[in-house]
Each structure stands twice: as C-alpha cells, then as structure tokens.
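Listed below, chain by chain, are the residues.
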Number of protein chains: 2
Amino acid sequence: MDNSHDRPGVRDVTLAPADERAAADQADAFASVRNAHESEVAEDYVELIAELVDSNGEARPVDLAERLGVKPPTVTKNISRLVRNGLVRRERYRSIFLTEKGVALADACRRRHRIVVATLIALGVDSETAERDAEGIEHHVSDETLVAFEQFVTSRG
Amino acid sequence: MDNSHDRPGVRDVTLAPADERAAADQADAFASVRNAHESEVAEDYVELIAELVDSNGEARPVDLAERLGVKPPTVTKNISRLVRNGLVRRERYRSIFLTEKGVALADACRRRHRIVVATLIALGVDSETAERDAEGIEHHVSDETLVAFEQFVTSRG
DNA sequence: TATGAAATTTAGCCAAGGCTAACTCAAGGG
DNA sequence: CCCTTGAGTTAGCCTTGGCTAAATTTCATA
C-alpha cells in the first residue's frame, strides 16, 4: 500500500542551457516582484501624502491611517523609514510633508495610477473596480508597459 | 528663526460623509492589496509546482528555489505553510506534489496568468516584458477585471 | 489659564519571508 | 558495504509591517 518511497519522475533531466536561461529569467521576475513590494509602501504613503496636502493643506498621521486602513502607530513606524529615505519631512507631533524627492515620486506615482485606471476603464472595467485593482496593479507596471497603456488610452480618445 | 511650532494647514476640515465613504473605500482597497500579498507566495509556489510536475514529473525543492530565485531553506519554510493550508503534499526528503485543492488553485492561477500576459501583449507590450510584469500584476487582477481582459483579447482575433 | 480630549509616539508583541551555517538523509560509486 | 556528495531540513537571525497598551504632547475651551 505504501509506495511513497518510490521516487517518481525523471531525475536525469539535464537542463539545456535554454531552460537554465528561462529559469534564471523567471527567478529575476520573481525577485523583481519581491523588490517592488518593498517600495510599494513608500509609494502608497507618498502618493497619499500628496493627495492630502493638496486637499487639506497638510497630511496628518491620523488621516493617513484612516485612508490606508491601518492604525496610527503603523503610520508612525513607516513614516520613519520614509524620513530615513529622504522622501518625507517631519517634526514630532506635527504634520508630515514631502521633500522635493518625495514630491517627484508622488507625481510619478499619481501619473502611473491615473494611466492604469484609465486603461482598465478603457478595457471595460467599471470605474470602482478599476480604482480598486489599480491600487495593487500600479506597482508592477514597468515603464515599457506604462508607455503601451498610455498609447492605448490616448489612441482611442 | 524657529517657526516650526506654527502648525500650517487647515484643521477644521469636517469631512463630509461622501469623503468618509471615499476614505473607507480607499482603506478597503489598500487592505485588499495587503491581503492579496499574503496569498501571492502561495499562488506562486502552487503555480510553479504545477509547471514542474508537468515538465519533470515532480517538483523538487531545489528546482523551486532556482526558479523562484530564493534559497532552499526558504522553500522548505514556505512549503510548510502550504502543507498547513492543504495545498501541498510532502514527505520529508522527498518531492512535493499538489493536493486536489492545490491543483485547482494552480489551474486558476495559470489561466489568469495566461490571460494577463495575452492582454499585455495585445496592448503592445513585448512578450518578455509582458511575462515579467504579469508575474506581479496577476495577483491583483479581480475576477471582474479578468473577464474584461478575456473579452478584450478574444474580441480581436 | 487649567484641563480634558484627541493626536502622536513609544514600547513591545507577532507572523511572514528572506538569509547563513550546520545538520540529516538518500543514493550511487569505489 | 561504506562513504561521499548533493538534496533537504533545522536552527537561528534579520527586516518589514501589522497590532495593542500606555505614555506624551497639543490644542481648544471652559
């Protein structure tokens, strides 16, 4: 009954160079995704801070927390990293503002966000779903893909 | 010189219900992304195990590690979680196989992956970039968006 | 102006998912 | 038949990004 020790499958598959290349490419792709994930939080925060400054004149941790769906201490902790990375300026117990570098990143993110949303809508996705999915998708859209999206949405005015 | 205690911006912004709703929706969207991230690893592993079983007859941790671009101990640790979640079957020091549930998830993932790649290509992205970006995008494509993608790629022969 | 409520931060916890070093096991060759 | 070698695992560490509870600070207002 117990044949679990018969090791099935082929062990002598000597991978051809082509397959090794493919494996390496795939590994790179996965590594990129993991890397992208590390900057996702930074992008989300910076994008949101820019929005809040535009609409409220300032970005308070409590508002960031509400918009992001996390608790204030989480915001404090993550903002500290943004400060370390030179994206954000802060004084204790005061609001948060973007540095020049932060503004540049926010602008790029918001542009990319708009293009992704527009593309999804152009493909027939309803705007609510488009907004929702874009939040996750945008961080994984390369520059090349963004160009393709942009051409697609503009070329059908 | 030190005017840092002047708190700039408007504090009396009483959020209208509409804005509160928008904030809650945005918080939900971010929460979804965080949630999606938790299942990304599971999806990547299951998808890859299915591929390896198809092509090699078995999925060895060392091959998974190579394809994923991580070290073998990482694979062991993550596979343990998949076992806990009933997606994978394993015996110590032997290859890894999918459970029925794992096969179902792998099939859904591979289908979604194909559709995302096809959509990107249809939008003018070169196939290499499409493959790369899809690896990150696929986890954030909702069912509604997937339907839209599918119609788009089929409706243009 | 004193005080209480709300905002912010600190401290300390947890799980996920990476890593290296070191150990265990399986299988083939001498 | 042992023993080397490579596959797999264990142990232990790190960072990220969540959380709660408990300070601390600010600000409005009584």
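Relevant structure appears above.
Residues numbered from 1 in each chain as written. Chains lettered and ligands numbered in written order. Predicted model: local features only at pLDDT ≥ 70, side-chain atom pairs only at ≥ 80, totals over all residues. Heavy atoms only, no water.

Draft legend 1. Structural detail: the overall build of chain A. Assigned secondary structure in chain A consists of six helices and two strands. For chain A, the succession of helices and strands along the chain, N to C, is α-α-α-β-β-α-α-α. When each of the 157 residues of chain A is scored for burial, the buried share is 42%. Excluding contacts between residues fewer than 6 apart, the proportion of contacts in chain A whose partners are at least 24 apart in sequence is 54%. When the accessible surface of chain A is summed, it comes to about 8,600 Å², and 51% of that surface belongs to carbon and sulfur atoms. (Helix = DSSP H or I, 4+ residues; strand = E, 2+ residues; numbered from the N terminus. Buried < 20%, exposed > 50% of the residue type's maximum accessible area, 1.4 Å probe, protein only. Contact = heavy atoms within 4.5 Å. Areas by Shrake-Rupley, 256 points an atom, 1.4 Å probe, with all protein chains shown as cover.)

Draft legend 2. Spatial organisation of empty space enclosed by the protein. Under the definition given, this model contains one cavity of 30 Å³ or more. Estimates place the volume of the largest cavity at around 70 Å³. What lines the largest cavity is Val116(A), Thr119(A), Leu120(A), Leu123(A), Ile137(A), Phe149(A), Thr119(B), Leu120(B), Leu123(B), Ile137(B) and Phe149(B). Looking at the lining of the largest cavity, the elements with two or more residues in it are α4 (100–122) of chain A together with α4 (100–122) of chain B. Sort the elements by how many residues they give to the lining of the largest cavity and α4(A) lands first, with three residues. Class assignment for the residues of the lining of the largest cavity results in nine nonpolar, two polar and no charged. (1 Å grid on protein atoms, 1.4 Å probe; cavity = no way out; pocket = protein on both sides within 12 Å on 5 of 7 lines; lining within 4 Å. Points joined across faces, edges and corners; volume = space filled by probe spheres on them. Nonpolar A, V, L, I, M, F, W, Y, C, P; charged D, E, K, R; others polar.)

Draft legend 3. Representation of the layout of surface pockets. As a volume, the second largest pocket reaches approximately 560 Å³. Lining the second largest pocket are 27 residues, with Glu131(A), Arg132(A), Asp133(A), Glu135(A) and Ala29(B) sitting closest to its centre. Secondary-structure elements contributing two or more residues to the lining of the second largest pocket are α1 (17–56) and α5 (127–137) of chain A together with α1 (17–56) of chain B. Here the element with the most residues in the lining of the second largest pocket is α1(B); it accounts for eight residues. The residue inventory of the lining of the second largest pocket, partitioned by class, reads seven nonpolar, eight polar and 12 charged.

Draft legend 4. Inspection of a negative patch on the surface at higher detail. Residues Asp126(A), Glu128(A), Asp143(B) and Glu144(B) make up a contiguous surface patch of negative charge. Secondary-structure assignment places Asp126(A) in the loop between α4 and α5. Residue Asp126(A) is classed as partly exposed on the basis of its relative accessible area, which comes to 41%. (Patch = residues over 30% accessible without salt bridge, like charges linked within 9 Å, V, L, I, M, F, W, Y side chains within 5 Å. Salt bridge = Lys/Arg side-chain N within 4 Å of Asp/Glu carboxyl O. Lys, Arg positive; Asp, Glu negative; His and termini not counted. Charge placed at Lys NZ, Arg CZ, Asp CG, Glu CD.)

Draft legend 5. Molecular detail of unusual backbone geometry. Even without glycine at this site, Tyr93(A) takes up a positive phi of about 65°. Within the fold, Tyr93(A) resides in the loop between β1 (88–90) and β2 (96–98).

Draft legend 6. Spotlight on the interface of chain A and chain B. The interface is formed by 56 residues belonging to chain A together with 57 residues belonging to chain B. For the pairing of chain A and chain B, the buried interface totals around 5,000 Å² over both sides, and the portion due to carbon and sulfur atoms is 53%. The interface formed by chain A and chain B includes zero salt bridges. Put simply, chain A and chain B have 15 residue pairs in polar contact (both at pLDDT 80 or more) between them. Among the secondary structure elements, those contributing two or more residues to the side of chain A that touches chain B are α1, α2 (61–68), α4, α5 and α6 (143–154) of chain A. In terms of residue count, the dominant contributor to the side of chain A that touches chain B is α1(A) (16 residues). (Buried area = accessible area lost by both parts, 1.4 Å probe. Polar contact = N/O pair within 3.5 Å; in protein donor to acceptor, adjacent residues only side chain to side chain.)

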